[in-house]
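Read off the chains here:
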Amino acid sequence: MVKDIAIGTGRRKTAVARVFMREGSGKIVVNGKDIKDYFATEEQIRIVHQPLLVTSNDSKFDIVINVLGGGLNGQAAACLHGIARALTQIDQDTHTALKANGYLTRDSRMVERKKYGQKGARRRFQFSKR
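Positions within a chain are numbered from 1, following the residues in the order the chain's sequence is written. Thresholds applied to this predicted model are a pLDDT of at least 70 for local features of residues and 80 or more for the giving and counting of side-chain atom pairs; totals over whole chains, interfaces and linings are not thresholded and use all residues. The basis for every side-chain value is the complete set of non-hydrogen atoms in the structure, without hydrogens or water.

What counts here: UniProt positions are given in the numbering used here, feature names are shortened, and annotations may be inferred rather than shown by experiment.
As recorded by an unreviewed UniProt entry, the chain carries the name Small ribosomal subunit protein uS9 and is attributed to Treponema parvum. Under the UniProt heading Sequence similarities (unreviewed entry), the note attached to the chain is "Belongs to the universal ribosomal protein uS9 family."

Next comes the structure, spelled out in structure tokens:
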């Protein structure tokens, strides 16, 4: 078994991604599937690759990602966050480039909760004057 050289945890909305990096040829596996089979759109795949492209590490590491919760867009952003964190463990010099692009910052925006007596978080039931 190949030893992991870096582990990173990424989060976005309710999605949590655990990223395991090891030296290899650039293969990315998400939840046991190839990245192209797991994510539906090219945009989501491009999002996951961003930190690797910024640091010129596109084909240096094999990455295994376990991601759960949320939808596919949130999961892709969680993967980006986790990969960026794992890259900083491997090489501290990549920290400035990743920080400048905002890949190390956890996006804290969450869905506002639904309130009682209302249809949604802000939406009210229709008012009837008569």
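After that view of the structure, there is still more to cover.
Here's the deal with the overall build of the chain
Quick reminder of the rule: Each helix is a run of DSSP H or I of at least 4 residues and each strand a run of E of at least 2, with the numbering of both proceeding from the N terminus. It is over C-alpha atoms that the radius of gyration is taken, and the globule rule equals 2.2 Å times the number of residues to the power 0.38. Remark: exposure states derive from per-residue accessible area (1.4 Å probe, protein chains only) relative to the maximum for the residue type, with buried under 20%, exposed over 50%, and partly exposed in between. Working rule for contacts: check all heavy atoms of both residues, and any pair within 4.5 Å makes them a contact. The Shrake-Rupley method, run with a 1.4 Å probe, gives the accessible areas here. Residue values count only the displayed protein chains as cover. This count recognises Lys and Arg as positive and Asp and Glu as negative, with His and chain-terminal groups excluded. We put the charge of a Lys on NZ, of an Arg on CZ, of an Asp on CG and of a Glu on CD.
A count of helices and strands for the chain gives 4 helices and 5 strands. Ordered by position from N to C terminus, the α and β elements of the chain give β-β-β-β-α-α-β-α-α. Its C-alpha atoms give the chain a radius of gyration of 18 Å, clearly above 14 Å, the size a compact globule of 130 residues would have. Seen through its C-alpha atoms, the chain measures out along the principal axes to roughly 70 × 30 × 25 Å. Of all 130 residues assigned to the chain, the portion counted as buried reaches 37%. The contacts in the chain between residues at least 6 apart in sequence include a share of 67% that link residues at least 24 apart. Accessible surface for the chain amounts to roughly 8400 Å². Of this, 51% is attributable to carbon and sulfur atoms. Treating the 24 positive side-chain charges of the chain as one cloud and the 12 negative ones as another, the clouds have centres 18 Å apart.

Comments concerning the layout of surface pockets
Test applied: Buriedness of a pocket was judged along seven lines, with at least five required to meet protein on both sides within 12 Å; pockets are open sets of points on a 1 Å grid over the protein atoms alone, cavities are sets where a 1.4 Å probe fits but cannot get out, and lining residues have an atom within 4 Å of a point. Grid points are joined across faces, edges and corners, and a volume is the space filled by probe spheres set on the points. Any residue outside Ala, Val, Leu, Ile, Met, Phe, Trp, Tyr, Cys, Pro, Asp, Glu, Lys and Arg is labelled polar, Gly included; the first ten of those are nonpolar and the last four are charged.
Looking at the largest pocket, its volume works out to about 260 Å³. Lining the largest pocket we find 17 residues, and of these Arg 12, Asn 73, Gly 74, Ala 77 and Asp 107 sit closest to its centre. Every element with two or more residues in the lining of the largest pocket is listed here: β1 (6–12) and α3 (72–90). Class assignment for the residues of the lining of the largest pocket results in 3 nonpolar, 8 polar and 6 charged.

Thoughts on the pairing of β1
Convention followed: Strands pair, by our definition, only if DSSP identifies at least two bridges between them.
What you see with β1 is a clean split: Ala 6, Gly 8, Gly 10 and Arg 12 sit on the buried side and Ile 7, Thr 9 and Arg 11 on the side with no burial. Once β1 ends, the chain turns through 2 residues before running back antiparallel as strand β2 (residues 15–23), passing Lys 13 with a positive phi of about 50°.

So, the sheet that holds strand β5 (residues 61–68)
What counts, and what does not: Axes here mean lines fitted to C-alpha atoms, for a helix over just the part in contact, with angles spanning 0 to 180 degrees between N-to-C directions.
Pairing is mixed across the open sheet formed by 5 strands, whose spatial order is β1-β2-β5-β3-β4. Edge strands, defined here as strands with exactly one partner in the open sheet, are β1 and β4 (33–34). Judged from the 3 bridges that link them, strand β3 (residues 28–30) and β5 form a sheet pairing that is parallel. Among the inter-strand pairings, Val 29 is bridged to a residue of β5, identified as Val 64. Strands in contact with α3 are β1, β2 and β5; relative to β1, the strand with the most contacts, it is inclined by about 145°.

Here we look at helix α2 (residues 42–54)
Filter applied, for reference: Here the expected length of a helix is defined as 1.5 Å per residue gap, with one fewer gap than residues. A residue's bend is simply the angle between two axes: one fitted to the seven residues ending at it, one to the seven starting at it.
With 13 residues, α2 extends 18 Å from end C-alpha to end C-alpha; this agrees with the ideal 18 Å at 1.5 Å per step. For α2, the principal kink sits at Val 48 and spans about 40°; a proline, Pro 51, occurs within the next four residues. The complete set of buried residues in α2 reads Gln 44, Ile 45, Val 48, His 49, Gln 50, Pro 51 and Leu 52. Against β2, β3, α1 (35–38), β5, α3 and α4 (95–100) lie the buried residues of α2.

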